[in-house]
Amino acid sequence: MDIELWWLPAFAAFFGLGWLAARIDIKHLVKESRALPRSYFTGLNFLLNEQPDKAIDAFVEAVNLDPQTIELHFALGNLFRRRGETDRAIRVHQRLIERDDLSTEQRLQALSALGQDYLKAGLLDRAEEVFIKLRDTALHEEACRYLIEVYSQEKEWQKAIDIARSLPDDAQQLGRIQVANYFCELAALDIAHSRFDDARTHLEQALEANKKSVRAQILLGDLENTLGRLEAAVEAWKRVEQQNPIYVALVAQRIMDACRKLDQIPAGLQLLRSYLEHYPSLDLLDTVFQSEMEREGPAEAYRVVRAELARNPTLLGLDKLLEAQI
């Protein structure tokens, strides 16, 4: 091997410095670990062995022995919250916030943990107050997500929408389905209180947020049906197939009821048979069976179910087949 001899001292010096640095780091770690109460490591061991009750007891002892251990307070408070002991979690995090030796990052973390405690405890007003304080801080996005959860539980749909729209663009993209559902909630309330124009506006906003919103499309058909616009209702319900065909069973009975009022039962049955052929499901089979029984009688219902059983054997199909034979 051709190795220049002058490399040897340099290599030895480099190795020596690395060894010295490692020794210093190890000494530092050992010193820090020795400063921690033994009960801290006992608690960690219980956590690793999935024994949270014993871990909490050990951590409580560690905190009592060394009240300055900030991260241990966080761990203990979070454990209390996960166990549902929200009163104890709140006290731990409140004591943390009252300390003067917290960094800005730690104080924000403690405040967020307290807000999560309030949320878990169902103290929604207090949780809202905390997370509003955390907006426009380093925890802005996290605070907004928790505020959305608060407003969802309070059924404050417009507030939830406003918060969701204040998120960064990438986060908004992920929340479009959620926003569409909130608009649907507003629309459902509008329909219940005969505010039909408002309902239509909210449903249009829902579909703008998420064009694949099956719920918005079904509600739009329900709105048209309530207004007596049956053909428009059927067209709205039929668009569910383009959004997600797995949900056509949800509108099958609605379509048949509207077609019955329009005296278009054959067209309705033809559409439902087509759905059944392409998107077979037990609910859809049941709707087709009942409609065939009502219009054509047991013989035709028997034929439809037998044909479906040949393609997709199901227990429900067998039940319907037997019912048709009686």
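What you see is a predicted model, and the numbers here were worked out from it, not measured in a lab.

**Considerations on helix α14 (residues 230–238)**
Turning to step 1, where the next piece is worked out: Of the residues making up α14, those classed as buried are Leu230, Ala233, Val234, Ala236 and Trp237. In an axial view of α14, the angular spread of the buried residues amounts to 160 degrees, which keeps them on one side of the axis.
Turning to step 2, where the next piece is worked out: Buried residues belonging to α14 abut α13 (214–226), α15 (240–243) and α16 (248–261).

**Brief notes about the nonpolar core**
Turning to step 1, where the next piece is worked out: Grouped together as the largest cluster of nonpolar side chains are 39 residues, with contacts concentrated most on Leu134 and Leu203.
Turning to step 2, where the next piece is worked out: Taken together, the elements giving at least two residues each to this core come down to α6 (104–121), α7 (124–133), α8 (140–154), α9 (157–165), α11 (176–192), α12 (196–209) and α13.
Turning to step 3, where the next piece is worked out: With residues near it in sequence (within four places) discarded, Leu203 still touches Ala187, Ala216, Leu219, Leu220 and Leu223.
Turning to step 4, where the next piece is worked out: Among the nonpolar cores identified, the runner-up in size contains 27 residues, and Val251, Ala258, Cys259 and Leu285 belong to it.

**Remarks on the packing of α13 against α16**
Turning to step 1, where the next piece is worked out: Direction vectors running N to C along α13 and α16 enclose 20 degrees, while the axes themselves pass 12 Å from each other. Relative to α16, the element α13 lies roughly parallel. Here α13 runs over α16; the crossing is left-handed. Two secondary-structure elements touch here, α13 through Ile218, Asp222 and Asn225 and α16 through Leu250, Val251, Arg254 and Lys261.

**Quick look at the confidence of the model for the chain**
Low pLDDT marks regions whose predicted coordinates should not be analysed in detail.
Turning to step 1, where the next piece is worked out: Mean pLDDT for the chain: 81, with 73% of residues reaching 70 or above.
Turning to step 2, where the next piece is worked out: The least confident element of the chain, judged by mean pLDDT, is helix α1 (residues 7–35) at 41; the most confident is α13 at 98.
Turning to step 3, where the next piece is worked out: Low confidence marks residues 1–35, where pLDDT is under 50. Its contacts with residues over four positions away, or in another chain, come to 2 contacts.

Here is what the cut-offs are and how they apply
- Residues numbered from 1 in each chain as written.
- Predicted model: local features only at pLDDT ≥ 70, side-chain atom pairs only at ≥ 80, totals over all residues.
- Heavy atoms only, no water.
- Buried < 20%, exposed > 50% of the residue type's maximum accessible area, 1.4 Å probe, protein only.
- Helix = DSSP H or I, 4+ residues; strand = E, 2+ residues; numbered from the N terminus.
- Arc of directions from axis to C-beta.
- Contact = heavy atoms within 4.5 Å.
- Core = buried A, V, L, I, M, F, W, Y, C linked by side-chain atoms within 4.5 Å.
- Axes fitted to C-alpha atoms, helices over the stretch in contact; angles between N-to-C directions.
- Parallel < 35°, antiparallel > 145°, perpendicular 65-115°, else oblique.
- Left-handed = near helix turned anticlockwise from the far one by under 90°.
- pLDDT = per-residue confidence, 0-100.

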